[in-house]
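Topology and contacts: notes
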Amino acid sequence: MAAPNSKTSSSSSSPPSSSKQPENAVKFARRTSSGRIMSLSREDLDMSGDLSGQNDYINYTVLMPPTPDNQPATSAPSESKPTTRFASESQRKEDGGGSGVKGVQRRMSVMKSPNNKSMLLRTQTGDFDHNRWLFETKGTYGIGNAFWQDQDGYNGEGEVSMSDFLDKPWKPLTRKVKVPPGVLSPYRLLILVRLVALFFFLIWRWRNPNPDAIWLWALSIICESWFAFSWLLDILPKLNPINRATDLAALHDKFEQSSPSNPTGRSDLPGVDIFVSTADPEKEPPLVTANTILSILACDYPVEKLSVYISDDGGAILTFEAMAEAVQFAEVWVPFCRKHNIEPRNPDSYFNVKTDPTKNKKLRDFVKDRRWIKREYDEFKVRVNGLPERIRTRSEMHNQKEEMKENKLAQEKDGESTPQDPINVNKATWMADGTHWPGTWLNSAADHAKGDHAGILQVMTKVPEPDPVMGHPDEKSLDFTGIDIRLPMFAYVSREKRPGYDHNKKAGAMNALVRASAILSNGPFILNLDCDHYIYNSLAIKEGMCFMMDRGGDRICYIQFPQRFEGIDPSDRYANHNTVFFDGSMRALDGLQGPVYVGTGCMFRRYALYGFNPPRANDYLGMFGQVKTQAQEIRPRTSDEEDLETEPLNHPDLNLPQKFGNSTMFNESIAVAEFQGRPLADHMSVKNGRPPGALIMPRQPLDAHTVAEAIAVISCWYEDKTEWGDRIGWIYGSVTEDVVTGYRMHNRGWRSVYCVTKRDAFRGTAPINLTDRLHQVLRWATGSVEIFFSRNNPLLATRRLKFLQRIAYLNVGFYPFTSIFLVVYCFLPALSLFSGQFIVQSLDIEFLFYLLIITLTLTLISLLEVKWSGISLEEFWRNEQFWLIGGSSAHLAAVLQGLLKVTAGIEISFTLTSKSAGEDEDDIYADLYLIKWTSLFIVPLTILIVNLVAIVIGFSRTVYSVIPQWSKLMGGLFFSFWVLAHMYPFAKGLMGRRGRVPTIVYVWSGLISIILSLLWISISPPDENNTSGGSVQI
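Each value, and the rule that gives it
Residues numbered from 1 in each chain as written. Predicted model: local features only at pLDDT ≥ 70, side-chain atom pairs only at ≥ 80, totals over all residues. Heavy atoms only, no water. Salt bridge = Lys/Arg side-chain N within 4 Å of Asp/Glu carboxyl O. Helix = DSSP H or I, 4+ residues; strand = E, 2+ residues; numbered from the N terminus. Buried < 20%, exposed > 50% of the residue type's maximum accessible area, 1.4 Å probe, protein only. Pairing = 2+ DSSP bridges. Axes fitted to C-alpha atoms, helices over the stretch in contact; angles between N-to-C directions. Contact = heavy atoms within 4.5 Å. Core = buried A, V, L, I, M, F, W, Y, C linked by side-chain atoms within 4.5 Å. UniProt positions renumbered as here; feature names shortened; annotations may be inferred. Disulfide = S-S within 2.5 Å. Phe/Tyr/Trp six-rings, centres within 6.5 Å; stacked < 30°, edge-to-face > 60°. Lys NZ or Arg CZ within 6 Å of the ring centre and 35° of its normal.

Considering all chains together, one arrives at 43 salt bridges under this definition. Where Glu-256 meets Lys-542, a salt bridge forms, and the shortest distance between an N and an O atom there is 3.5 Å. Residue Glu-256 is found in the loop between α8 (248-255) and β7 (272-278), and its partner Lys-542 is found in helix α15 (residues 540-548); the two are separated by 286 residues along the sequence. Pair check on accessibility: Glu-256 and Lys-542 agree, each one buried. Salt bridges sharing partners connect three or more residues here, namely Arg-564, Glu-566, Asp-583, Asp-760 and Arg-763.

Spelled out as structure tokens, the structure:
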């Protein structure tokens, strides 16, 4: 223990004593790595040397009380000065530094630099650097550090006090979690080995044709060369997968704690606008949409910073009144969730959870509250499900009244005589307040049809109060004492639609919401969700905000969350979870420039969505983008500069947006959104930040002028002569507007982040029926083909797009074309068995060696990918199976559709032709067994039947041949079984629940068998000398 100086002090400077501890007690403490000071007992100090390290005593602190034996002496009690824990040199001289105890005098001086505090505190941990302090100052100590516990504060400008040790250090909000080198290094090495093996294998295949079946060899080598190229495009972006973690505690400390810049303790987090899109209440049930809205209203984010918007692109009164019912139920559901910390906050999902609902619930009234809220929810469902009948009955009643009025007026006009001509009264749809519904009527009429109706904007919950509003006992029959009962602002929006305008489907609806929300709330961040994707983790928005508000977050354009699905069959027959993409490919892209935008579960930076460039960007030069340079800032060009021919032209995506429309209020909101979206400037490494406390001012309530302006910006004519859909907002012109929108942002130099939370952030539904699944894949593949033939082809990208990111986007446009080669390759085993030949002349050692190396390395790469991505082997195999099923059906149809559209301008749509009813309505997986015939089944069904017939023919020929060719039979059988193993889910889907084969399959099988037999006889007619079956001669 340090030996203090024997000096006297006045009794007034001693700290108050404790009843349990004498005044002269010595307190032992240790500063931990997190910044806290932990009290220690003497038993803790006397621990054995085997349990302690060499640096265990470095951070120990001995807090010694100011007794006459250990505190510095003063000249006189009246002249006593408050001492600091680190007194200055001059103060110690004044306090008796010249007395006769110079040998043991403790000189606690620090550097005279004005920035000494930040220099003494370590950058990352915030721990006091004792060694540097001793080296650069005159400080001395014995075993441990001694501080005189008097008062906190500074005795001179720039000096360090005990409070500095208690200050929480600066912490980043996120961190990267790299894949272990023991997994990543072998993964990269195996990719290199397989790449070299593929190179030599293809060279060997090109140099060794099969003269007996040159056509079979040519088809196979062309397909294999394309497969190698396609595999290279898919695997190269996976070379640098990473994981990320967030620190919600640090986010809370920075933005939601009282501080000198925020004395009221209000949240300093930026605002978030949440968009939910729906179009047809018949295909998207209003109850599902209402549950999604309830999960959003109850999420754990500052209420005053949250605004919710629903876009009803069909203008249906059913959706409108369902949202009104949801808001009414939210008044009790949201406080209930806050009171008992409910997860998930979608009531339908919560009440269907199979686990114990009382787990981790501490309040005694939870069971009573849950029983009451469950009854309220059941009544809410009955009201929502009864809305169609209620709306129809109400409309009929009002229409009858209107018809009676018209008849009465006609009678009065005709002199009490009944009019001969019947009076036609429009069958209007009526609202609950007795007025006409301005949107789509149940019986369509002029100005009230799906593509012809006025714009509608209804604010259903007002802007909340800036401070919490606490509930009372018996609040709606529940005790909400001490619970914030406020609701976020919620608005129903249906944009105007008129004939003659291209409304651009979902992309146009999202852009209308962007403009309306900018007028009403102007949150700097936008989270878009589909109507069937609800918030499963109430902290999901805060998790995403950690990335946006962290150091370097001003360069992030969006945060993409993985899509998770409910209601999928346990075996995931058709790879609906798509975990190979969401947990494999997307994690790998996060190590490059960021994941692609997949349409839902994405948090955008509003400023990036407006088409602006990031504050800082890099150019990647060289053939492989290996030269990284700082990109030049793009400034708007004036009219004079545009006329100069010598002015260098930028890439079209790098030009700044200028035509936002004629709304002054909207144009003024752009700069506000940019400033509010900046990270907090609380560290010297934070660039382009905002000062703390800038966002604690309360929002202004909405007035009539603001709402009128919001209605004006959702009109159908607002986008005329603007850059909306071309450079601003969601991009038009593609079925997959999500991928194109994300690509444009990456092309400007922005980066995105993939946020995988421990608890799923969002959950939704996915089609489990084979036909619905194939049509979903068809839409995605069609959009990819459109991207390939458009200006959004990554081959035309800017230098701000990283090389491997360019490869990833190139793969997005290329992968549908693999279906052409895949279909041909799936028929090659059957052709081999029919002809008695194989793709090589003989199964020699060299061919088998290459095949073994390629197969073995691919298997090991897949195992390592499963290891770092966290997916299961079953999920990986299901993905491989559906890759072949989708590639031979939906992808091929998409390529055909895209080529016809580009070359001839012909639009082809693949629709359902027949539909059978489910056998069991109580089975949640009943839709899995529905058989809906579609033209997409033709090619995979043909592949399946042809390979089965070929196996029988090939085996029979070999058995009854004079000289059996068993090696060629084994080669053909191996590849045929490879095709059939991948087609097993397709065959199982065709057979339905009880394994009954549909009649169409028998008809198609007979038709294909007859065609193949006739074709075979015409190509290779029977001959008396031909006993072995011969070969194909064309």
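Picking up after the structure, the text goes on.
Moving on, we get to the sheet that holds β7. If you trace the eight strands from one edge of the open sheet to the other, you get β11-β12-β8-β7-β13-β17-β15-β20, paired in mixed fashion. The outermost strands of the open sheet, each flanked by one partner alone, are β11 (456-461) and β20 (751-754). On average, each strand axis in the sheet is tilted by 20° relative to the strand beside it, whichever way the strands run. Of the pairings in the sheet, the one linking β7 to strand β8 (residues 306-312) comprises seven bridges and is parallel in character. Within β8, the residue paired with Phe-275 across the bridge is Tyr-309. Where helix α14 (residues 505-520) meets the sheet, it contacts β7, β8, β11, β12 (489-494) and β13 (525-530), and its direction lies at approximately 145° from that of β7.

Turning to the nonpolar core, a few remarks are in order. Formed by 106 residues in total, the largest nonpolar core has its most connected members in Phe-604, Tyr-610, Phe-666 and Phe-986. In terms of residue count, the dominant contributor to this core is α14 (nine residues). Not counting residues within four places of it along the chain, the set of residues in contact with Phe-666 comprises Val-514, Arg-515, Ala-518, Ile-519, Tyr-610, Phe-660, Tyr-718 and Trp-724. Judged by nonpolar contacts, the second largest core, of 79 residues, contains Val-276, Ala-322, Val-332 and Trp-430.

It is worth spelling out the UniProt feature "transmembrane region" (unreviewed entry) in the protein chain at this point. When the UniProt feature table is mapped to this numbering, "transmembrane region" (unreviewed entry) covers residues 187-207, 213-233, 808-835, 847-866, 936-957, 969-987 and 999-1019. End C-alpha to end C-alpha, residues 969-987 measures 24 Å, and it is 95% helix and 0% strand.

Moving on: the state of the cysteines. Tallied over the full model, the rule gives zero disulfides. Cys-546 forms no disulfide, and the closest cysteine sulfur to it belongs to Cys-755, at a distance of 8.0 Å. On the accessibility criterion, Cys-546 (0% relative accessible area) is buried. With no disulfide of its own, Cys-826 has Cys-223 as its nearest cysteine by sulfur position, at a separation of 9.3 Å. Take Cys-826: its relative accessible area is 0%, and that puts it in the buried class.

The next point concerns the environment of Leu-520. When you line up the elements, Leu-520 lands in helix α14. Judged by its relative accessible area of 7%, Leu-520 is buried. Through-space distance from the C-alpha of Leu-520 to that of Pro-701 is 9.4 Å; in sequence the pair is 181 residues apart. When residues no more than four places from it in sequence are discounted, the contact partners of Leu-520 are Tyr-309, Leu-457, Met-489, Arg-699, Leu-702, Thr-706, Val-707 and Ala-710.

With that out of the way, let us pick up the packing of aromatic side chains. Under the criterion given, the structure shown has 51 aromatic pairs. Measuring from centroid to centroid gives 5.7 Å for Trp-333 and Phe-336, while their planes differ by 35°, and the two rings are tilted. You can see Trp-333 and its partner Phe-336 sitting in helix α10 (residues 317-340), three residues apart, about one turn around the helix. For the pair Trp-333 and Phe-336, a shared accessibility class is recorded, and that class is buried. Pairing Trp-933 with Phe-937 gives two aromatic rings, centres 5.4 Å apart and planes at 75°, and the pair type is edge-to-face. Classification of Phe-937 by relative accessible area gives buried; the value is 2%. One aromatic cluster is present, formed by Trp-226, Phe-229, Phe-788, Phe-789, Phe-814, Phe-817 and Phe-821 through successive ring pairs. The ring of Phe-351 carries Lys-374 above its face, with NZ or CZ at 5.6 Å from the centroid. When the ring centre of Tyr-536 is taken as reference, the NZ or CZ atom of Arg-763 above it lies at 3.9 Å.

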